[in-house]
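The residues making up each chain are set out below.
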Number of protein chains: 2
Amino acid sequence: MRVLGVDPGLTRCGLGVVDSLPGRRVQLVAVGVARSSIDDDVDRRLLAIAERIDEWLDEQMPDVVAVERVFAQHNLSTVMGTAQVAGLAMLAAARRRIPVALHTPSEVKAAVTGSGRADKAQVQTMVARILGLAEVPRPADAADALALAICHLWRPAGALAAPQRELQAMTVAQRAWAAAEHAARRPTRG
Amino acid sequence: MRVLGVDPGLTRCGLGVVDSLPGRRVQLVAVGVARSSIDDDVDRRLLAIAERIDEWLDEQMPDVVAVERVFAQHNLSTVMGTAQVAGLAMLAAARRRIPVALHTPSEVKAAVTGSGRADKAQVQTMVARILGLAEVPRPADAADALALAICHLWRPAGALAAPQRELQAMTVAQRAWAAAEHAARRPTRG
């Protein structure tokens, strides 16, 4: 299975493609960043990012697009652009009939480090280690996109939607995931 | 000049087309609502709305698309979907090289009622009056989309970007507009 991870952002949108291999192994296919100029109007910026996402979808032909779930209470100065780019990525996938999965930052952290509260550096270090890379992918948005793709491939059975969920004992990773999911679903105030 | 007003929303997205006529008169061309089902996944919902926006752009061929400017501190439960639909509308216009204008709710109220603090009913009443309609367009999202289009056509010179701005005495409407703009630009906390 091939997953395109999208770390949405209007200035830098991380894009990372990962293939699953037998034995829960994962392999880097492509990583990069779509950029737009802060000097342009927002509609031109959205178009620039959308055109790059279209190119990646057409070239990489992923089976799933994994997008970071954006919350309204995140960084107020950038959250509108982030939400809009997440929307463009979902739309581009839907137009191609490619399934979309949304994962919260806590779920991504839990999937690649075992803890939903890991810091960014820890996530990036683990992304490099999991993919067997000599260096951490730069910029951080690119590494985060890869983390999203890995998260989707490694999501524990307990994190699937209820009808697909198998009744089974939870592993340590599943418990970390469930805790992260629970925290993400708790109502918060902006 | 023909303007498509877009009142973004994931459940109901208002769409209204208005033509300008000589003497600051305006004429209703089309009004409606793009809907998506709350039972669908968000990517399918975004696709449903985007396809309707594409149809309206291709059929109505507006000269400008006027979209409500969404703020992060608005209704937290719906703001992400609203921002994403605003992004889709901007993208659809940008793909067709149609200019996009963003107007704040206060600017729209000031343009159609003379006060940036008018309530929704007042805005809807004025939309019907301005367009010579016997009844207020329903649902409210449709009326709000028409108000956005009228707002764009009636925006006072003082509201244009600085290089285009003419040095002239402000009318009452321009002062109301400037006050609304000022209020909208004031930094707020979420």
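Residues numbered from 1 in each chain as written. Chains lettered and ligands numbered in written order. Predicted model: local features only at pLDDT ≥ 70, side-chain atom pairs only at ≥ 80, totals over all residues. Heavy atoms only, no water.

In the annotation of an unreviewed UniProt entry, the entry for chain A reads Crossover junction endodeoxyribonuclease RuvC, and the organism field reads Pengzhenrongella sicca. According to the UniProt record, the Sequence similarities (unreviewed entry) comment for chain A reads "Belongs to the RuvC family." Turning to chain A, the UniProt annotation filed under Catalytic activity (unreviewed entry) states: "Endonucleolytic cleavage at a junction such as a reciprocal single-stranded crossover between two homologous DNA duplexes (Holliday junction)." (UniProt positions renumbered as here; feature names shortened; annotations may be inferred.)

This part takes up the overall build of chain A. Regarding its fold elements, chain A presents six helices and five strands. Traced from its N-terminal end to its C-terminal end, chain A shows the element sequence β-β-β-α-β-α-β-α-α-α-α. Counted over contacts in chain A with a minimum sequence separation of 6, partners at least 24 positions apart contribute 61%. Carbon and sulfur atoms provide 49% of the accessible area of chain A, an area that totals close to 9200 Å². (Helix = DSSP H or I, 4+ residues; strand = E, 2+ residues; numbered from the N terminus. Contact = heavy atoms within 4.5 Å. Areas by Shrake-Rupley, 256 points an atom, 1.4 Å probe, with all protein chains shown as cover.)

Let's shift gears to the interface of chain B and chain A. Facing the 28 residues of chain B at the interface are 28 residues of chain A. Summing the contributions of chain B and of chain A, the shared interface buries around 2400 Å²; its carbon and sulfur component is 71%. A per-residue breakdown of the area chain B buries against chain A is headed by D43(B), M80(B) and L91(B), which together make up 21% of the total. Joining chain B to chain A, the criterion identifies two salt bridges. Our enumeration of links across chain B and chain A arrives at four residue pairs in polar contact (both at pLDDT 80 or more). When residues of the side of chain B that touches chain A are assigned to their parent elements, the largest contribution, eleven residues, is made by helix 2 (residues 79-95) of chain B. (Buried area = accessible area lost by both parts, 1.4 Å probe. Salt bridge = Lys/Arg side-chain N within 4 Å of Asp/Glu carboxyl O. Polar contact = N/O pair within 3.5 Å; in protein donor to acceptor, adjacent residues only side chain to side chain.)

All names here are of chain B. What the rule picks out here adds up to 14 salt bridges over all chains. Between R2 and D19 there is a salt bridge, and its shortest N-O distance comes to 2.7 Å. Placement of the pair is R2 in strand 1 (residues 2-7) and D19 in strand 2 (residues 12-21), with a sequence separation of 17 residues. Residue classification places R2 among the partly exposed positions, given a relative accessible area of 22%. Measuring nitrogen to oxygen at the nearest pair gives 3.3 Å for the salt bridge that ties D54 to R96. (Buried < 20%, exposed > 50% of the residue type's maximum accessible area, 1.4 Å probe, protein only.)

Compared with the 21 Å implied by 1.5 Å per residue over 15 residues, the 20 Å span of helix 5 (residues 140-154) of chain A between its first and last C-alpha is a close match. Of all 15 residues making up helix 5 of chain A, 14 are buried, and the element is well covered by its neighbours. (Expected span 1.5 Å × (residues − 1).)

The next point concerns the relation of the copies chain B and chain A. Rotating chain B by 180° and moving it 0.0 Å along the rotation axis overlays it on chain A with an RMSD of 0.0 Å. The transformation just described matches what one would write down for a two-fold rotation axis. The C-alpha atom lying nearest the rotation axis in chain B is that of Q84(B); the distance is 2.2 Å. In this assembly, 100% of the residues forming the interface of chain B have copies in chain A that are likewise at the interface, indicating an isologous arrangement. (Least-squares fit on C-alpha atoms with pLDDT ≥ 70 in both.)

All names here are of chain A. Chain-level pLDDT for chain A is 86 on average; 80% of the residues reach the 70-or-more range. Throughout residues 158-170 the model reports pLDDT below 50, and contacts reaching past four residues in sequence, or to other chains, amount to twelve contacts. Predicted confidence for residues 186-190 stays below pLDDT 50, and this span has five contacts to residues more than four positions away or in other chains. (pLDDT = per-residue confidence, 0-100.)

Our focus in this paragraph is the UniProt feature "binding site: Mg(2+) 2" (unreviewed entry) in chain A. Residues and elements named next belong to chain A. Sites flagged by UniProt as "binding site: Mg(2+) 2" (unreviewed entry) map to E68. Relative to the helices and strands, E68 resides in strand 4 (residues 64-68). Classification of E68 as buried rests on a relative accessible area of 19%. If we skip the residues at most four places from it in the chain, E68 touches V6, D7, P8, H103, P105 and L148.

Residue and element names in this part refer to chain B. Pairing is mixed in the open sheet, where five strands are placed in the order 3-2-1-4-5. In the strand order of this sheet, the two ends are held by strand 3 (25-35) and strand 5 (100-103), each with one partner. For this sheet the average axis-to-axis angle between neighbouring strands, irrespective of direction, equals 20°. Here six bridges tie strand 1 to strand 2, and the two strands are oriented antiparallel to one another. The residue bridging V3 from the neighbouring strand is V18, located in strand 2. Against the sheet, helix 2 contacts strand 1, strand 2, strand 4 (64-68) and strand 5, and its axis sits at roughly 170° relative to strand 4. (Pairing = 2+ DSSP bridges. Axes fitted to C-alpha atoms, helices over the stretch in contact; angles between N-to-C directions.)

This part takes up helix 3 (residues 105-113) of chain A. Along helix 3 of chain A, the residues classified as buried are E107(A), V108(A), A110(A), A111(A) and V112(A). In the stretch just after helix 3 of chain A, G114(A) is the one whose phi turns positive, near 90°.

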